[in-house]
Amino acid sequence: MDLTVNLGPLHLQNPVITASGTFGWGEEYASFFDPGSLGAVTVKGLTLKPKSGNPPPRLVETPAGLLNSVGLANPGVDKFVNEILPSFKKHYNVPVIANIAGDTVEEYVEIAEMLNGGKVAALELNLSCPNVAAGGMALGIDPFLTEKVTAKVRQKTSLPLIVKLTPNVTDITVIAKAAANGGADILSLINTLVGMDIDLEKQKPVFARKTAGLSGPAIRPIALASVFKVYEAVNLPLIGMGGIMDEKDALKFILAGATAIAVGSANFYDPYSCLKIIEGLNRYGRKEGISRISSLIGRAHQ
Amino acid sequence: MSESFKAKVIFNNCGAKMATLVLQAPKPISSPSPAQFYLLKAGEFFDPFLRRPLSVSQFEEPGLLTFRFGIKGRGTSWLAQRKKGEEIELLGPLGNGFDLKVEGHPLLVGGGLGIAPLVYLAQYLLEKEEKVPKVVLGAGTQKDLRGLKAFRRLGLSPQVVTEDGSYGKKGMISDILPAILDRDDEILACGPRPMLYYLSQIAAKNNLKCQVALEEVMACGVGACLGCVTPVKNGEELSYARVCTEGPVFEASKVVW
């Protein structure tokens, strides 16, 4: 089956992308399979200055999923542009999507400008990271701020612009429309859901920041519904994610309206998840006599 | 170096609080280094979701792995119930094990569940480094002393303390260690954090090297997700290190206790 997809200005060899924060810088999983076999790799969220992240514990397992409170730990966009990205591009041939997060609207623009002319294939605006005390969360739940930051970044970059949506809102389609109005090329959804756990022995929240982000198979139905609703609300290509574990999940998201899908927590469950999904999609195409995966996009709406 | 494979259970000894599993890899696997760990899939479906990191307690070429671990929750419970003939999915070996170029005399200190990886460390030191380690073990009670026979089979006679006195001397590691410590010892330890902290203090006081194996809840286990970090210091500089990648073994003087 022809697995190529067009995510707006971004042409991918297949619809399987790794989700930000779950695949490191792409090299950690290279001992298991060639990242070059993926549609794209989304690197960990980049901030203007290096961030050390939250103190441990940063992880708690939940039923069919996990809560994380990593806190955008990253070496900063400078080090990424000057060291990490060139080194990665030297060894692996796969589009790199740079996920970026700022504490203010201005910071998003500044980071975007630093990535212009670099070798990233696209920018993904993280307006929805629920682990950072300032910015992030505040921007993504407000349609006005979402449109504003998208428009400001749009002005300063000609790179394909992805806006990542948070599900922690009343109506995700409102935010989706705002991002579209701001000039986004592509929307990715969903980011993690707000959750928490309490330590029975200490009788206190497990995480220092009290709440954390929930991901994994447990959130899949919510993610799928979000993709379905946003597909009907905006006319932009979508990257669907949230609990995708295998090719069956991937197909459901594509039928719901996603042009591509991102795989995150599944990498922890099985480091070969992405590879198995690509193989599974091919198998499905052969079995069902489907020649192009793109013919399935949004079919569940017909 | 690390691979994904399914191994068959060829031996299972499961108690109420601890279990021993011996697994046979389907083909020769690369030798793990002491304190390296494997990520074991601990359920049949998506729940429990995360793999459980277990350090190797013994290894025989070309592919016989022994794990000794505590039964703490649903994941380790499921693993402890795997019967002879069943298969378990593994990923590994992972992590930075003990630095085996020990200049002085290796002194192995194990507390409770931390005793497990020290069996392999002892085996490795004897076979590959031709060093005969001193071994000091401590546990709450006799039942928690899994691996004692394995040390004996290696020709070693560990000094043992138990808190309730059910085996060996009654007391804690801190009661017997000062007398055992020699000027050229290098401590290699695994066990509860308070025990490791005590060792880091006594090592610093006596100007001895001390390596400690830490543990943390892990998600990816390969250094990608940054979920398993522990605070470390390099002089004045504080940072977070990944227990799955920079660790699990750290120089005790670098750990922020």
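Computed from a prediction, not measured in an experiment: that's the story for all the values here. (Residues numbered from 1 in each chain as written. Chains lettered and ligands numbered in written order. Predicted model: local features only at pLDDT ≥ 70, side-chain atom pairs only at ≥ 80, totals over all residues. Heavy atoms only, no water.)

**Looking at the overall build of chain B**
Rules: A run of H or I in DSSP becomes a helix once it reaches four residues, and a run of E becomes a strand once it reaches two; helices and strands are each numbered from the N terminus. Both definitions apply: the radius of gyration is a C-alpha atom measure, and the globule rule equals 2.2 Å times residues to the power 0.38. Per-residue accessibility, obtained with a 1.4 Å probe over protein chains only, is compared with the maximum for each type, and a residue is labelled buried under 20%, exposed over 50%, and partly exposed between these values. Residues are treated as being in contact if the distance between any of their heavy atoms lies within 4.5 Å.
Counting its regular elements, chain B contains five helices and 16 strands. In terms of overall size, chain B behaves like a compact globule, its C-alpha atoms giving a radius of gyration of 18 Å where 257 residues would be expected to give roughly 18 Å. Taken along its principal axes, the extent of the C-alpha atoms in chain B is 50 × 45 × 35 Å. The buried share of chain B, taken over its 257 residues, is 56%. A sequence separation of at least 24 residues applies to 65% of the contacts in chain B between residues at least 6 apart.

**Re the sheet that holds strand S9 (residues 161–164) of chain A**
Residues and elements named next belong to chain A. Our working rule: Two strands are said to pair when DSSP picks up at least two bridges between them. Between the N-to-C directions of two axes lies an angle of 0 to 180 degrees, each axis being a line fitted to C-alpha atoms and, for a helix, fitted only over the stretch in contact.
In space, the eight strands of this closed barrel follow the order S3-S4-S7-S8-S9-S10-S15-S16, with parallel pairing throughout. Going across the sheet, the axis of each strand differs from the next one's by a mean of 25°, ignoring polarity. Relative to strand S16 (residues 260–263), strand S15 (residues 238–241) is paired through three bridges, and the arrangement is parallel. When the bridges of S16 are listed, Gly240 appears paired with Ile261. With respect to the sheet, helix H6 (residues 220–233) is in contact with strand S10 (186–189) and S15, its orientation differing from that of S15 by roughly 165°.

**Section: the packing of aromatic side chains**
Between two aromatic rings, the relevant description is the distance of the centres plus the angle of the planes. The condition that has to hold: Aromatic contacts are taken between Phe, Tyr and Trp rings whose centres are within 6.5 Å, Trp giving its six-membered ring; a plane angle under 30 degrees counts as stacked, one over 60 as edge-to-face, and the others as tilted. Remark: a charge is flagged as sitting over a ring if the NZ atom of Lys or the CZ atom of Arg is within 6 Å of the ring centre and within 35 degrees of the ring normal.
Applying the stated criterion across every chain, the model contains 13 aromatic pairs over all chains. Between A:Tyr29 and A:Phe32, the aromatic rings sit 6.2 Å apart at their centres with planes inclined by 50°, giving tilted as the arrangement. As far as burial versus exposure is concerned, A:Tyr29 and A:Phe32 are alike and both buried. Ring geometry for B:Tyr38 and B:Phe67: centres 5.9 Å apart, planes at 80°, overall edge-to-face. Here B:Phe67 lies in strand S6 (residues 64–70) and B:Tyr38 lies in strand S3 (residues 37–40), a separation of 29 residues in the sequence. Side by side, B:Tyr38 and B:Phe67 carry an identical accessibility label, which is buried. Sitting over the ring of B:Trp78, B:Arg82 keeps its end group 3.9 Å from the ring centre.

**Remarks on the confidence of the model for chain B**
The cut-off we apply is this: For every residue, the pLDDT score states the predictor's confidence, bounded by 0 at the bottom and 100 at the top.
Scored by pLDDT, chain B comes out at a mean of 95, with 100% of its residues at no less than 70. Confidence estimates for the predicted assembly give a pTM of 0.95 and an ipTM of 0.93.

**Details of the interface of chain A and chain B**
In plain terms, the rule: Two parts placed together each lose some accessible area under a 1.4 Å probe, and adding up what both lose gives the buried area. By definition here, a salt bridge exists when the distance from a side-chain nitrogen of Lys or Arg to a carboxyl oxygen of Asp or Glu is within 4 Å. Polarity classes work like this: nonpolar for Ala, Val, Leu, Ile, Met, Phe, Trp, Tyr, Cys and Pro, charged for Asp, Glu, Lys and Arg, and polar for all others, with Gly in that last group.
Listed as interface residues are 33 residues of chain A and, on the opposing side, 28 residues of chain B. With both sides pooled, the region where chain A packs onto chain B buries about 2,500 Å², and carbon together with sulfur makes up 65% of that total. Interface area lost by chain A to chain B is led by A:Leu59, A:Glu61 and A:Tyr269, which between them contribute 29%. Taken together, the connections running from chain A to chain B amount to one salt bridge. Here A:Glu61 makes a salt bridge to B:Arg52, at a shortest N to O gap of 2.8 Å. Among the elements of the structure, strand S5 (59–62), strand S6 (65–68) and helix H8 (266–269) of chain A are those that each provide at least two residues to the side of chain A that touches chain B. Of the residues contributing to the side of chain A that touches chain B, the split by class is 18 nonpolar, ten polar and five charged.

**What to know about the nonpolar core**
We count it as follows: By nonpolar core is meant a set of buried Ala, Val, Leu, Ile, Met, Phe, Trp, Tyr and Cys residues that side-chain atoms within 4.5 Å join together.
Core analysis: the largest hydrophobic core is formed by 137 residues, its most contacted members being A:Phe80, A:Leu187, A:Ile261 and B:Leu199. Considering each element in turn, this core owes the most residues, six residues, to helix H2 (residues 105–115) of chain A. Among all residues touching A:Ile261, those that are not within four sequence positions of it are A:Pro15, A:Val16, A:Ile17, A:Ile239, A:Gly240, A:Ile244, A:Ala250, A:Phe253, A:Ile254 and A:Ile277. With 48 residues, the next largest nonpolar core counts B:Ile29, B:Phe59, B:Leu100 and B:Val135 among its residues.

**Digging into the pattern of salt bridges**
Residues and elements named next belong to chain B. Under the defined criterion, the tally for this structure stands at 17 salt bridges over all chains. Between Arg74 and Asp47 there is a salt bridge; the shortest N-O distance is 2.6 Å. Highlighted residues: Arg74 in helix H1 (residues 74–80) and Asp47 in the loop between S3 and strand S4 (52–55), separated in sequence by 27 residues. When its relative accessible area of 49% is taken as the criterion, Arg74 is described as partly exposed. On the basis of relative accessible area, Asp47 is assigned to the partly exposed category, the value being 30%. The partner of Lys254 in a salt bridge is Glu251, with the nearest N and O atoms 3.4 Å apart. By relative accessible area, Lys254 is classed as partly exposed at 28%. With a relative accessible area of 43%, Glu251 lands in the partly exposed category. A single network of salt bridges, built from pairs that share partners, joins Lys134, Asp182 and Asp185.

**With respect to the pairing of strand S13 (residues 210–213) of chain B**
Residues and elements named next belong to chain B. Side chains of S13 alternate between two faces, with Cys210 and Val212 and Gln211 and Ala213 buried alike. When strand S12 (residues 185–190) meets S13, the two strands line up parallel, connected through four bridges. Within the sheet, the bridge partner assigned to Leu188 lies in S13 and is Gln211.

**Regarding the sheet that holds S12(B)**
Residues and elements named next belong to chain B. Read from one edge to the other, the open sheet built from seven strands follows the order S11-S10-S9-S8-S12-S13-S16, with strand pairing classed as mixed. Of all strands in the sheet, those bounded by a partner on one side alone are strand S11 (169–170) and strand S16 (249–251). Here four bridges tie strand S9 (residues 134–139) to strand S10 (residues 159–162), and the two strands are oriented parallel to one another. Note on S10: the bridge partner recorded for Leu137 is Val160. Against the sheet, helix H4 (residues 173–180) contacts strand S8 (105–111), S9, S10, S11 and S12, and its axis sits at roughly 165° relative to S9.

**Description of the side chain of B:Ser57**
Residues and elements named next belong to chain B. Put simply, the rule is: Side-chain atoms alone can form a polar contact between residues adjacent in sequence; in general such a contact is a pair of N or O atoms within 3.5 Å, and within protein one must be able to donate a hydrogen while the other accepts it.
Counting through the fold element by element, Ser57 comes out in the loop between S4 and strand S5 (58–60). Exposure remark for Ser57: the relative accessible area of 0% places this residue in the buried category. There is a polar contact of 2.7 Å between the side chain of Ser57 and the backbone oxygen of Ala116. Contact partners of Ser57, with chain neighbours within four places excluded, come to Thr66, Phe67, Arg68, Ala116, Pro117, Val119 and Tyr120.

**Some words on the packing of helix H1 (residues 77–91) of chain A against H2(A)**
Residues and elements named next belong to chain A. Cut-off, in case you're wondering: Note on terminology: angles under 35 degrees are roughly parallel, angles over 145 are roughly antiparallel, angles of 65 to 115 are roughly perpendicular, and the others are oblique.
Following both chains from N to C, one finds H1 and H2 inclined at 10°, their axes separated by 10 Å at the closest point. By the angle class used here, H1 and H2 are roughly parallel. For the pair formed by H1 and H2, the contact residues are Val77, Asp78, Phe80 and Val81 on the first element and Ile111, Met114 and Leu115 on the second. Looking at the contact of H1 with H2 residue by residue, the class counts come to six nonpolar, no polar and one charged.

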